[in-house]
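For reference, the chains in residue letters:
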Amino acid sequence: MSKRIKMIFPVPLSDATRGMVESQLPPEYRRDDIEVSFVGAGQVLTLTDTYYDMAIAELAVIEAGLHAEEEGFDAVCINTVSDSGLNALRSRLSIPVLSPGQSAFHVACMLGHKFSILTMWERWFPLYRKTLREYGLESRVASIRQIGVRPDTEALLSGKESVVFAKLEEEARRAIEEDGADVIVLGSTTMHQSHAYLASRLPVPVLNPGVIAYKMCEMFLDLGLAHSAKAYPPPEVLKDVAFSLR
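Position numbers for residues count from 1 along each chain, tracking the sequence in the order it is written. Whole-chain, interface and lining totals are the exception, using all residues; otherwise, since this is a predicted model, local features are given only for residues with pLDDT of at least 70 and side-chain atom pairs are given and counted only at 80 or more. Side-chain measures were taken over the full set of non-hydrogen atoms in the model, leaving aside hydrogen atoms and water.

Chemist: Can you lay out the pattern of salt bridges for me, pointing to particular residues and giving the numbers?
Modeler: A pairing counts as a salt bridge when a side-chain nitrogen of Lys or Arg comes within 4 Å of a carboxyl oxygen of Asp or Glu. Applying the stated criterion across every chain, the model contains 18 salt bridges. Here R31 ties to E218 by a salt bridge, and the two come within 3.9 Å at their closest N and O atoms. Here E218 lies in helix 8 (residues 209–223) and R31 lies in the loop between helix 1 (15–22) and strand 2 (34–40), a separation of 187 residues in the sequence. Each residue's exposure class comes from its accessible area (1.4 Å probe, protein chains only) as a fraction of the maximum for that residue type: buried when under 20%, exposed when over 50%, partly exposed otherwise. The class of E218 is buried, set by a relative accessible area of 5%. With its nearest N and O atoms 4.0 Å apart, the salt bridge here joins K130 to E134. One end of the pair is K130 and the other is E134, both in helix 5 (residues 125–135) and four residues apart, which spans about a single turn. Since its relative accessible area comes to 40%, K130 is described here as partly exposed. Per the convention used, a helix needs a DSSP run of H or I reaching at least four residues, while a strand needs a run of E reaching at least two, with both numbered from the N terminus.

As structure tokens, then:
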């Protein structure tokens, strides 16, 4: 019997953006026995570049995932390196809930001694600092490097490849040569278009966090694993209406 994964992008998806977001999982990464449904979250586009926006993303992702189990999904994959809504959805659902930040950071620790996060701009740094502190991985981080380019939640990196890819490669090399990084982690699932370019040019592993999280979902489903109910106890009373954005 096939399994279903709900992939939650932290902003609404339009006809223009859906294809670019879904392209992070090309056919060669998918299995015939697993169906992936990409869904947008919330009602407003946000870059999640302030603590205010982080709260909005948290609310949107939680609302989008609350009823995944009832809808017949076998796992939830949050599609943002901020890991928005991860803990809340683990508390609400008994099916596996995975996220790119936690997944990619821990895989990076298995591949090298130190990893660097390569991102678009400095205003995303608080997202990484928050999760790294929570996961106890601060000592494994060589650096967080950025290229000073404002992210575009609609076009992603399309049309900017010639400039952005070169800037990302330059900063990644600095992370390796100057900071001691053994592994590079892309700082956003919206940067997935740069993965092949960087992986073919850099002398260390380059992790595409959205793909890592998705593959973790596959592994959890194959092994019958899910998060611990002791670590993420379910609520005594459901209060789902509190998360409604309507």
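That was the structure; now back to the text.
Chemist: Outline the sheet that holds strand 2, supporting the account with residue identities and numerical values.
Modeler: Strands pair, by our definition, only if DSSP identifies at least two bridges between them. Spatial strand order, 2-1-3-4: four strands in an open sheet with parallel pairing. Of all the strands in the sheet, just strand 2 and strand 4 (97–98) have a single pairing partner and so form its edges. Judged from the four bridges that link them, strand 1 (residues 3–9) and strand 3 (residues 75–78) form a sheet pairing that is parallel. Residue pairing for strand 3: K6 is matched across the bridge by V76.

Chemist: An account of the nonpolar core is needed here, citing residue identities and associated values.
Modeler: Throughout this description, the term nonpolar core refers to a set of buried Ala, Val, Leu, Ile, Met, Phe, Trp, Tyr and Cys residues connected via side-chain atoms within 4.5 Å. V76, F105, F115, L132 and I184 are the most contacted members of the largest nonpolar core, which totals 78 residues. Residue contributions to this core peak at eight residues, all from helix 8.

Chemist: Which residues make up the environment of E178, and what values go with them?
Modeler: Tracing the chain through its elements places E178 in the loop between helix 6 (161–177) and strand 7 (183–186). The exposed category is assigned to E178, whose relative accessible area is 56%. Taking C-alpha positions, E178 is 19 Å from L111, a pair spaced 67 residues apart along the chain. Contact definition: two residues touch when any of their heavy atoms are within 4.5 Å. In this structure E178 touches R145 and R173, once residues within four positions along its chain are discounted. N or O atoms closer than or at 3.5 Å make up a polar contact, with two conditions inside protein: a donor-capable atom paired with an acceptor-capable one, and, for residues adjacent in sequence, both atoms drawn from side chains. A distance of 3.4 Å separates the side chain of E178 from the side chain of R145, its partner in a polar contact.

Chemist: Explain helix 2 (residues 51–65) residue by residue, including any values.
Modeler: For helix 2, with 15 residues, the first-to-last C-alpha span of 21 Å sits near the 21 Å given by 1.5 Å per residue. In this fold, the buried residues of helix 2 make contact with strand 1, strand 2, strand 3, helix 3 (86–92) and helix 5. The span you would expect from a helix comes to 1.5 Å times its residue count less one.

Chemist: Explain the environment of S84 to me, using residue names and the numbers behind them.
Modeler: Note on placement: S84 falls in the loop between strand 3 and helix 3. With relative accessibility at 3%, the residue S84 sits in the buried group. A sequence separation of 111 residues divides S84 from H195, and the C-alpha atoms of the two residues are 22 Å apart. Residue contacts for S84: discarding those within four places in its chain leaves A57, E58, V61 and I78. One polar contact links S84 to S82, side chain to side chain, over a distance of 2.6 Å.

Chemist: Could you give an account of the sheet that holds strand 7, naming the residues involved and the relevant values?
Modeler: Whenever strands of a sheet pair, they do so through backbone hydrogen bonds, lying parallel or antiparallel. The strand order 6-5-7-8 describes an open sheet built from four strands, whose pairing is parallel. Because the sheet does not close on itself, it has two edges, and the strands there are strand 6 (141–146) and strand 8 (206–207). Summarising the sheet, strand 5 (residues 115–119) and strand 6 pair through five bridges and their orientation is parallel. Its bridge partner being in strand 6, L118 is matched across the sheet by R145.

Chemist: Can you explain the pairing of strand 5? Please cite residues and give values.
Modeler: Among the five residues that make up strand 5, five are buried, leaving the element largely enclosed by the rest of the structure. Residues F115, I117 and T119 point to one face of strand 5 and S116 and L118 to the other, with burial holding for every one of them. For the handedness criterion, the β-α-β arrangement of strand 5, helix 5 and strand 6 is classed as right-handed. Of the strand pairs in this sheet, strand 5 and strand 7 are connected by four bridges, and their pairing is parallel. Considered in strand 7, the bridge of S116 is made with I184. Here is how to tell: hold the view so the strands point away, follow the path from the first strand over the helix to the second, and if it runs clockwise the crossover is right-handed.

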